[in-house]
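# Observations on the model geometry
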Amino acid sequence: MAKQQPFWLGGASASMAACFTHPLDRTKYCMQVLSSKQPMLKALHTFAVRDGIRSLWSGLSASILRQTTYSTARFALYDILARNWQRRNGAKLSAGSTIACAGIAGGLAGIIGNPTEIVLVRMCADGVKAPAQKYLYPNAIRGLIRIGNEEGLKTFTKGLGPNVVRSILMNVSQIAVYTSAKRQILSNKILKVSDGVPVHIAASLVAGTVATTVCAPADVLKSRLQSAASAGGEAPGVVRIFLCSLKNEGPGFLMKGWTPAWLRLAPNTVLMFLFMEQLQRLVAAKTL
């Protein structure tokens, strides 16, 4: 068994990828919060023309902080669980075991990363809100402090249910699908390819597409719930948001923002696993 990878490796890979894909991430959150049907590329162009190119990276501090908590936790916990399973059973993980380990790690990571997720959604959604409704956090750390002081620590649990569900689905669909797709490509006797960048890109594209589709409904509900401001000390619940959105927009709202979500998640997944594979080689840790 290869030596255990550093706990920070997954978070570092995800943070590096987020620096490249944050503009699409920001646009995705804006589209999920809005009720309009503006195309993603048009929305991206509108933001760039109205607020400047640099505005597309507003909220980047929250994105990096989220990855250093959420992604560090989900990959580190998966690595620990997977290695413990292998140690006890003396064999490689089966598909079912991979799904179980990834699901448990994703659920725990969703709880750990929920506070930073709230800050990220709010900082990104500021770009489409009226001036009086903007939070205007100068950075992610200040955002966390303001939420705690102004709204109470309970606010950090807002959207926790949908976020945990989404985190489980995301971790399973990314890790399990990437591992399976990579294994299938390498074992294909017709392709006869070796483990390298082309294989990593192909496997991560499959994982990114599956993850986008599986996570879309939970992602939309989570974003709307976390972006909603508390009124009279009470925040709208997920059931209320779901019913109101279903009534006003129809069932299609659950897939709202799928295109920008895919355009963000697919390259993000590719970059994340590429960085991870290279970092793993640097530290001589091969776990995926």
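First, a word on scope: everything that follows refers to the structure included in this document. (Residues numbered from 1 in each chain as written. Predicted model: local features only at pLDDT ≥ 70, side-chain atom pairs only at ≥ 80, totals over all residues. Heavy atoms only, no water.)

## As for helix α8 (residues 238-249)
One turn of the α-helix equals 3.6 residues, which is why residues spaced by three or four share an orientation. Given a rise of 1.5 Å per residue, 12 residues ought to cover 16 Å, and the 16 Å separating the end C-alpha atoms of α8 matches this to within 8%. Looking one or two places after α8, you find Gly250, whose phi comes out positive at around 85 degrees. (Helix = DSSP H or I, 4+ residues; strand = E, 2+ residues; numbered from the N terminus. Expected span 1.5 Å × (residues − 1).)

## Some words on unusual backbone geometry
Despite not being glycine, Leu136 shows a phi value in the positive range, around 55 degrees. Examined against the element boundaries, Leu136 turns out to sit in the loop between α4 (95-125) and α5 (140-151). Residue class for Leu136 comes out exposed when judged on its relative accessible area of 57%. A positive phi angle is found at Lys192, which is not glycine, with a value near 50 degrees. We classify Lys192 as exposed; its relative accessible area is 70%. (Buried < 20%, exposed > 50% of the residue type's maximum accessible area, 1.4 Å probe, protein only.)

## Re the side chain of Gln174
Looking at where Gln174 falls in the secondary structure, it is placed in helix α6 (residues 160-187). For Gln174, a relative accessible area of 1% gives the class buried. A polar side-chain atom of Gln174 sits 2.8 Å from a polar atom in the side chain of Arg74. Within the structure, Gln174 has its side chain in polar contact with the side chain of Thr269 (distance 3.1 Å). (Polar contact = N/O pair within 3.5 Å; in protein donor to acceptor, adjacent residues only side chain to side chain.)

## Examining the pattern of salt bridges
Opposite charge on two side chains permits pairing when their charged atoms draw close. What the rule picks out here adds up to 9 salt bridges. One salt bridge in this structure joins Arg50 and Asp51, with 3.0 Å as the shortest N-O distance. Here Asp51 falls in the partly exposed class, since its relative accessible area comes to 39%. In this structure, Asp195 engages Lys182 in a salt bridge whose closest nitrogen and oxygen atoms are separated by 3.7 Å. Taken together, the residues span a long stretch of sequence, with Asp195 in the loop between α6 and α7 (197-227) and Lys182 in helix α6 at a distance of 13 residues. Look at Asp195 and you get partly exposed, because its relative accessible area is 31%. Salt bridges linked by common partners bring Lys182, Asp195 and Glu277 together as one network. (Salt bridge = Lys/Arg side-chain N within 4 Å of Asp/Glu carboxyl O.)

## With respect to α4
Here α4 contains 31 residues, and its C-alpha end-to-end distance of 37 Å is more than 12% below the 45 Å for a straight helix at 1.5 Å per residue. Helix geometry: α4 is bent most strongly at Asn114, by close to 55 degrees, with proline Pro115 lying one to four residues after it. By the criterion of burial, α4 is predominantly enclosed, with 22 of the 31 residues buried. (Bend = angle between axes of the 7 residues up to and from the residue.)

## A few points about a nonpolar patch on the surface
Taken together, the side chains of Ile104, Leu108 and Ile111 make up a nonpolar region of the molecular surface, amounting to roughly 270 Å² of accessible area. When you line up the elements, Ile104 lands in helix α4. For Ile104, a relative accessible area of 49% gives the class partly exposed. (Patch = residues over 30% accessible without salt bridge, like charges linked within 9 Å, V, L, I, M, F, W, Y side chains within 5 Å. Areas by Shrake-Rupley, 256 points an atom, 1.4 Å probe, with all protein chains shown as cover.)

## Some details on the packing of aromatic side chains
Scanning the model with the defined rule gives 6 aromatic pairs in all. Here Phe75 and Phe273 contribute two aromatic rings whose centre-to-centre distance is 6.5 Å and whose plane-to-plane angle is 90 degrees, an arrangement assigned as edge-to-face. Here Phe273 lies in helix α9 (residues 258-282) and Phe75 lies in helix α3 (residues 60-89), a separation of 198 residues in the sequence. On the basis of relative accessible area, Phe75 is assigned to the buried category, the value being 2%. (Phe/Tyr/Trp six-rings, centres within 6.5 Å; stacked < 30°, edge-to-face > 60°.)

## Concerning the nonpolar core
Grouped together as the largest cluster of nonpolar side chains are 24 residues, with contacts concentrated most on Phe75, Tyr78, Met272, Phe273 and Met276. Mapped onto this core, the elements with two or more residues apiece are α1 (9-33), α3, α4, α6, α7 and α9. The leading source of residues in this core is α6, at 6 residues. Among the nonpolar cores identified, the runner-up in size contains 14 residues, and Ile118, Val119, Cys124 and Tyr135 belong to it. (Core = buried A, V, L, I, M, F, W, Y, C linked by side-chain atoms within 4.5 Å.)

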